[in-house]
Every structure is written in structure tokens, then in C-alpha cells.
Amino acid sequence: MRSQIYRSLLSATLKRTSPSFSGGKAATAAVVSCRRRMSYLASYSLSESGNAYRGWISGVLALPAAAFMLQEQEAHAAQMERTFIAIKPDGVQRGLISEIVSRFERKGFKLVGIKIIVPPKDFAQKHYHDLKDRPFFNGLCNFLSSGPVLAMVWEGEGVIRYGRKLIGSTDPQNSEPGSIRADLAVVVGRNIIHGSDGLETAKDEIKLWFKPEELVNYTSNAEKWIYGIN
């Protein structure tokens, strides 16, 4: 009878922590439900006599612990935004990679994708497709394909909007003091960095520059100090 109860509760718990049950509020609800079930299971075991049941339940409790943590991470990750950031050829050639990356890191954003490439001209045209009717389009594409570009994907709450603040205005002369362009650039044609300007743009640019397998999902040890996850 006891073993049947254990199996029933454990089965319900493991179903709730299966990979198919994930994402946002649903994942959070699953974690809470699972914890309640396991707490009941633990208290039931402790009320039994003998060390055999205690030893058995200790082993069972250890099994879904990773599943609980995974569900919490997925629930938190569902709230995160991702943005595309590129250090242009002028920024790379001037040795500004570490300076720019450190600003995003110090803010608390998480790097989930990075590579350095020299984009072909036709690729640059795809990136700037929304500017194809502008007189400077050809020169813009020539410049982006003129040397190595450091392509990155950053993740965090509000990373798209605040990433733009970190970068500064398109014209460095109009950028807020302390922004990347205000501090490190002088003219529009050499403003060293690009950042997605909205959610849909970010999705499109990430898809253009990165394959899904080139992006990683992980929980940074610093996140509990940044977001207050307990």
C-alpha cells in the first residue's frame, strides 16, 4: 500500500516535470505543484517507522531536483529578451571589442551567441534591406562587408530598449554622454556598433546572423544577484 502511494505521487510529479510542460507561468505553476507533492511525500515518509522508508524517499526526492531547477530556469528565461548587437569593422579594427562587451556585461546582460565574420556584400544588403531606397545604402553595405564584424546575441530583461541606450544615437554627436557612440565615435559613417531597434527586428537579425544551434541557453551564476531569483 505504501509503495503504491509513493509510486502514484512520484508518477504525477514526474509527469508535471516532463519537457513537454514548460514555459512562462505554466512552468512556474508546475514547480510549485511538484514541490507541494514532494513535501507531502517527504512528510509521509518521515512518519513511517524504520530507516528503509527514509532511505527510499531520500533517493526519490533527489531524482526530480534537477527537473525543478530546470523548470524554474525555463520560467525565468521566458521573460528574457534577446537582441542582436554587432561591432562594425571600424570598432573591430580600432580594438574596441573588449570595451564594448564589458559595458553589456557590467550592466548585467548575458552573452548567448558570438562569432566574428566578414559578411559578403549580398549578406550586408540583406541586413540593411529596410534602407535599400536610401542614397547611402550602397556605401553602407560596402562598409559593413569591408572587414571583420563581431556578431553577438545578448539576453536580459529590457535588453533591446536599454541596449539602444548603451549604444547611443546614430549620430555620435547627438548621443548621451556615457553611451558607446558618445564616448568612442565621432561621425555617423563610423559609429562602430549596431543594435536591434525593436522586438521583431531583433528576431529577424538574430535569424539572419545565427543558426539556432549557434545560440546557447544557460543560467548565469550572477543572475540571482541581478534579478533577485531565490
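What counts as what
Residues numbered from 1 in each chain as written. Predicted model: local features only at pLDDT ≥ 70, side-chain atom pairs only at ≥ 80, totals over all residues. Heavy atoms only, no water. Buried < 20%, exposed > 50% of the residue type's maximum accessible area, 1.4 Å probe, protein only. Helix = DSSP H or I, 4+ residues; strand = E, 2+ residues; numbered from the N terminus. Arc of directions from axis to C-beta. Contact = heavy atoms within 4.5 Å. Polar contact = N/O pair within 3.5 Å; in protein donor to acceptor, adjacent residues only side chain to side chain. UniProt positions renumbered as here; feature names shortened; annotations may be inferred. Core = buried A, V, L, I, M, F, W, Y, C linked by side-chain atoms within 4.5 Å. Pairing = 2+ DSSP bridges.

(A) Up close: helix 8 (residues 137–144). For helix 8, the full list of buried residues reads F137, C141, F143 and L144. Around the axis of helix 8, the buried residues are gathered within 160° of arc, so they sit on the same side. In the core, the buried residues of helix 8 are packed alongside helix 5 (89–93), helix 7 (121–127), strand 3 (149–156) and helix 11 (199–209).

(B) Local environment of the side chain of E155. Summarising the element assignment, E155 is placed in strand 3. Looking at E155, its side chain comes within polar contact range of the side chain of R82, at 2.8 Å. With residues near it in sequence (within four places) discarded, E155 still touches M80, E81, R82, F109, K110 and V112.

(C) The arrangement of the UniProt feature "binding site: ATP" (unreviewed entry) in the protein chain in detail. Following the UniProt record, one finds the feature "binding site: ATP" (unreviewed entry) at K88, F136, R164, T170, R181 and N191. The class of R164 is partly exposed, set by a relative accessible area of 34%. Leaving out residues up to four positions away in the same chain, R164 has contacts with G195, S196 and D197. Here R181 is to be found in helix 10 (residues 180–184).

(D) Seen up close, the nonpolar core. One finds I100, F104, W154 and I193 to be the most contacted residues of the largest nonpolar core, which totals 20 residues. Broken down by secondary-structure element, the contributors of at least two residues to this core are strand 1 (81–87), helix 6 (97–107), strand 3, helix 9 (159–167) and helix 10. Take this core: its biggest share by element is 4 residues, from helix 9. With residues up to four places along the chain from it excluded, the contact list for I100 reads I87, I180, L184, I192 and I193.

(E) Structural detail: the pairing of strand 3. The buried count for strand 3 comes to 8 of 8 residues, which makes it a mostly enclosed element. The alternating pattern of strand 3 places V149, A151, V153 and E155 and L150, M152, W154 and G156 on opposite faces, both of which are buried. Pairing between strand 1 and strand 3: 7 bridges, direction antiparallel. Looking across to strand 3, one finds that I87 is bridged to L150. As paired elements, strand 2 (residues 110–117) and strand 3 share 7 bridges and run antiparallel to each other. By the bridge assignment for strand 3, K115 is matched with A151.

(F) Looking closely at the environment of H127. With respect to the helices and strands, the residue H127 is situated in helix 7. Along the sequence, H127 and W209 sit 82 residues apart, while their C-alpha atoms lie 8.7 Å from each other. Excluding residues that lie within four positions of it along the chain, H127 makes contacts with F84, L144, H194, E205, L208 and W209. Polar contacts involving the side chain of H127 include one to the side chain of W209, which spans 3.0 Å.

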